[in-house]
Amino acid sequence: MPSSPARASLAFPSSWAARLRSDRLTDPKVWRTEVLAGLVVALALIPEAISFSIIAGVDPAIGLFSAFTMAVTISIVGGRRAMISAATGAVALVIAPLNREHGLGYLIAAVILAGVVQVVLGALGVAKLMRFIPRSVMVGFVNALALMIFMTQLPELWNVPWPVYPLAAAGLLLMVFFPRITTVVPAPLVSIVILTAVTVAAGIAVPTVGDKGALPSSLPVPGLPDVPFTPDTLMTIAPYAVAMALVGLMESLMTAKLVDDITETRSNKTRESVGQGIANIVTGFFGGMGGCAMIGQTMINVKVSGARTRLSTFFAGAFLMVLCIVFGPIVSDIPMAALVAVMIMVCFATFDWHSVAPATLRRMPAGEIAVMVITVACVLATHNLAVGVVAGSVTAMVIFTRRVAHHAEITAVIDPDGRSVVYRVTGALFFASANELVDRFAYATDPDRVVIDLSAAHVWDASSVAVLDAVRAKYAQRGKTVEITGLNGPSAALHGRLSGELAGA
């Protein structure tokens, strides 16, 4: 029996090889691009994962293990090719209080529960809510992301030895001009290799990756979280798990949509939601701190390195462990200035410069600009992309509601014989627009017969039906009759179902 469409959307191929057949992996150029992109991303993941571990209050190895398991797992079960998932700052901020108050075991248990919540939400179709996010919020999200990436690099440029600045500048110049020579090797990788070789050969004393924390020397081992399996434990971790699940899904789905736009391809948001949950469950059982899509590293992978398949995501995680375990001493010598230069280049590539151009701002409605600014401001104030998206979306809805509410109009035409009056209503009738209609009727002076023509209107909600009932009641108190005509099918069905039933509401 063939599976239903709903089940088909959640079905996973029987093997990873089957999943990769459509990725043009018989082309050597694709392999070269994906492998090198994965290497660049792995190098950029190391300091980020260590930094997020510090935020969460856990050992740096835990953040690196999370980056490894998240990337490898999501490359198999995710719904957006070439997107990078690993330990993130947003997730670290959510779970840091739990680790501080109850310990690592509770943190790991919360990560596993968050993964379960994400799987459930994904299966229920939470990804479909993405269509309600306006373009102005998306633009604000992208610009806030670029600014946040830049701000996270500022500590690496403050109160540091002076050679850091020329090294960072040299890294930027290499990434700007090297692609003009060849694009066979990603410019960020060339920049990192050259700057590392220069600092080691010349003995230049600058902050390095090794200064961020010790790299792991072995692979993570699976196991159960060290917590009592009781209702009290569940009550303790549940709020943090739900918060982590929501923040992780929102950032992952927004990042997936951004990659969709960049690559001009579609992703399976439902599969990505479920995949994020599976990746967090796997990460939790391996003792990791969990995570979600990493926007900065994804931009390195997709926009800077040109990766387009899930192979680059897999290699990013695999190379991360290889670099840490096999080449730990070499990786530790990479100057932070080189990675800062890569992230600054990502900022410039990510920011939507067209959205802030004077010509664009002159043409853009004030409400759209306000939504974009509020989104950016909330993100920068809270350091949480999810907060900015929610605030921007709510603002956009309020502005839209006010705008549509004023489109409902009413005109009155009195019959020549003075025996009846026809009120013609146009526009959308809902809670914001319908309430204003009550005072638009001349109850005392109108003839005994009143016709309300709704052929150019649509009744959307119970508030509108209640207003029509109120108008009819006011006329009835004066001994006048009201006839409602012109209702379209859905409006007539709603009005017939609710009319006369809302008096006690």
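Our structure is the block above this text.
Reading the values: the criteria
- Residues numbered from 1 in each chain as written.
- Predicted model: local features only at pLDDT ≥ 70, side-chain atom pairs only at ≥ 80, totals over all residues.
- Heavy atoms only, no water.
- Helix = DSSP H or I, 4+ residues; strand = E, 2+ residues; numbered from the N terminus.
- Buried < 20%, exposed > 50% of the residue type's maximum accessible area, 1.4 Å probe, protein only.
- Contact = heavy atoms within 4.5 Å.
- Areas by Shrake-Rupley, 256 points an atom, 1.4 Å probe, with all protein chains shown as cover.
- Lys, Arg positive; Asp, Glu negative; His and termini not counted.
- Charge placed at Lys NZ, Arg CZ, Asp CG, Glu CD.
- Core = buried A, V, L, I, M, F, W, Y, C linked by side-chain atoms within 4.5 Å.
- Pairing = 2+ DSSP bridges.
- Axes fitted to C-alpha atoms, helices over the stretch in contact; angles between N-to-C directions.
- Parallel < 35°, antiparallel > 145°, perpendicular 65-115°, else oblique.
- Left-handed = near helix turned anticlockwise from the far one by under 90°.
- Nonpolar A, V, L, I, M, F, W, Y, C, P; charged D, E, K, R; others polar.
- Phe/Tyr/Trp six-rings, centres within 6.5 Å; stacked < 30°, edge-to-face > 60°.
- Salt bridge = Lys/Arg side-chain N within 4 Å of Asp/Glu carboxyl O.
- Expected span 1.5 Å × (residues − 1).
- Patch = residues over 30% accessible without salt bridge, like charges linked within 9 Å, V, L, I, M, F, W, Y side chains within 5 Å.
- Polar contact = N/O pair within 3.5 Å; in protein donor to acceptor, adjacent residues only side chain to side chain.

As a further point, take the overall build of the chain. When helices and strands are tallied, the chain shows 21 helices and 6 strands. Looking at the 505 residues of the chain, the share that counts as buried comes to 52%. The contacts of the chain with a sequence gap of at least 6 include a subset with a gap of at least 24, amounting to 84%. Total accessible area on the chain stands at roughly 22900 Å², and carbon and sulfur atoms take up 66% of it. A gap of 7 Å separates the mean positions of the 34 positive and 30 negative side-chain charges of the chain.

Our focus in this paragraph is the nonpolar core. Inside soluble globular proteins, nonpolar side chains tend to come together where they are buried. Core analysis: the biggest nonpolar cluster contains 103 residues, and Ile46, Leu64, Phe141, Met289, Ile300 and Leu320 have the highest contact counts within it. For this core, the leading source of residues is helix 3 (residues 28–56), giving 12 residues. If we ignore the near neighbours within four places in the chain, the residues touching Phe141 are Met254, Thr255, Ile295, Thr375, Leu385 and Val389. Of all hydrophobic cores here, the second largest spans 26 residues; its members include Leu437, Val438, Val459 and Val467.

All right, on to the pairing of strand 3 (residues 409–414) then. Looking down a regular strand, the side chains alternate between one sheet face and the other. As defined by bridge partners, strand 3 adjoins strand 4 (residues 420–429) across 6 bridges and the pair is classed as antiparallel. Looking at the pairing, Thr411 lines up with Arg424 of strand 4. Hairpin connection from strand 3 to strand 4: 5 residues lie between these consecutive antiparallel strands, with Gly418 at a positive phi of about 75°.

By secondary structure assignment, the location of Gly248 is in helix 10 (residues 231–263). Residues Gly248 and Ala386, spaced 138 residues apart in sequence, show a C-alpha to C-alpha distance of 8.6 Å.

It is at 7 Å that the axes of helix 6 (residues 104–123) and helix 10 come closest, and there the two elements cross at 55°. Between helix 6 and helix 10, the interaxial angle falls into the category oblique. Classified by chirality, the crossing of helix 10 by helix 6 is right-handed. Across the interface between the two elements, Tyr106, Ala109, Ala110, Val111, Leu113, Ala114, Val117, Gln118 and Leu121 of helix 6 pack against Thr233, Leu234, Thr236, Ile237, Ala238, Ala241, Met244, Ala245, Leu246, Gly248 and Leu249 of helix 10. For the contact of helix 6 with helix 10, the class distribution of residues is 16 nonpolar, 4 polar and no charged.

Before going further, it helps to spend a moment on the packing of aromatic side chains. Given two aromatic rings, one states the distance between the centres and the angle between the planes to describe the pair. One pass over the full model with this rule turns up 10 aromatic pairs. With 5.2 Å between their ring centres and 90° between their planes, Phe430 and Phe431 make a pair best called edge-to-face. Joined through ring pairs, the aromatic side chains of Trp31, Phe314, Phe315 and Phe319 make up one cluster.

A full pass over the atoms with the stated rule returns 6 salt bridges. With a closest N to O distance of 3.9 Å, Lys257 and Asp261 form a salt bridge. With Lys257 and Asp261 both in helix 10 and 4 residues apart, this pair spans about one turn of that helix. With a relative accessible area of 47%, Asp261 lands in the partly exposed category. For Asp453, the salt bridge goes to Arg424, with nearest N and O atoms at 3.0 Å. With Asp453 in strand 5 (residues 449–459) and Arg424 in strand 4, the pair connects residues that are 29 residues apart, well separated along the chain. Judged by relative accessible area, Asp453 falls into the buried class, the value being 16%. One connected set of salt bridges, linked through shared partners, spans Arg80, Asp260 and Lys269.

Another aspect to go through is helix 15 (residues 336–350). Two residues of an α-helix separated by three or four positions point the same way, owing to the 3.6 residues in each turn. Between its first and last C-alpha atoms helix 15 spans 21 Å; for 15 residues at 1.5 Å apiece the expected length is 21 Å, and the two agree. The buried count for helix 15 comes to 12 of 15 residues, which makes it a mostly enclosed element. Listed in full, the buried residues belonging to helix 15 are Met336, Ala337, Ala338, Leu339, Val340, Ala341, Val342, Met343, Ile344, Val346, Cys347 and Thr350. Summarising the contacts, the buried residues of helix 15 are in contact with helix 3, helix 7 (135–153), helix 8 (164–181), helix 9 (187–202) and helix 12 (295–304).

Okay, a nonpolar patch on the surface next. A surface patch of nonpolar side chains, amounting to about 520 Å² of accessible area, comprises Leu219, Val322, Ile325, Val326, Phe327 and Ile330. Along the chain, Leu219 falls in the loop between helix 9 and helix 10.

Across a sheet, strands are paired by hydrogen bonds formed along the backbone, either parallel or antiparallel in direction. As summarised here, the arrangement of the 4 strands in space is 3-4-5-6, forming an open sheet in which the pairing is mixed. Every other strand in the sheet has two partners, leaving strand 3 and strand 6 (481–485) as the edge strands with one partner each. The sheet shows a mean angle of 20° between the axes of neighbouring strands, taken without regard to direction. Taken together, the 5 bridges between strand 5 and strand 6 define a ladder with parallel strand orientation. Bridge assignment links Val451 to a residue of strand 6, and that residue is Glu483. Packed on one face of the sheet, helix 20 (residues 462–477) meets strand 4, strand 5 and strand 6 and runs near 170° to strand 5.

Further remarks concern unusual backbone geometry. In this model, Ala82 sits at a positive phi of 70°, which is unusual for a non-glycine residue. Position of Ala82 among the secondary structure elements: in the loop between helix 4 (60–77) and strand 1 (85–86). We classify Ala82 as buried; its relative accessible area is 1%. Even without being glycine, Glu264 reaches a positive phi, approximately 55°.

Mapped onto the secondary structure, Glu156 falls in the loop between helix 7 and helix 8. Under the relative-accessibility criterion, Glu156 is labelled buried at 16%. Once the C-alpha coordinates of Glu156 and Leu339 are considered, the two residues, 183 residues apart in sequence, prove to be 9.8 Å apart. If sequence neighbours within four positions are ignored, Glu156 has contacts with Val164, Lys212, Met336 and Val340. One polar contact links Glu156 to Lys212, side chain to side chain, over a distance of 2.4 Å.

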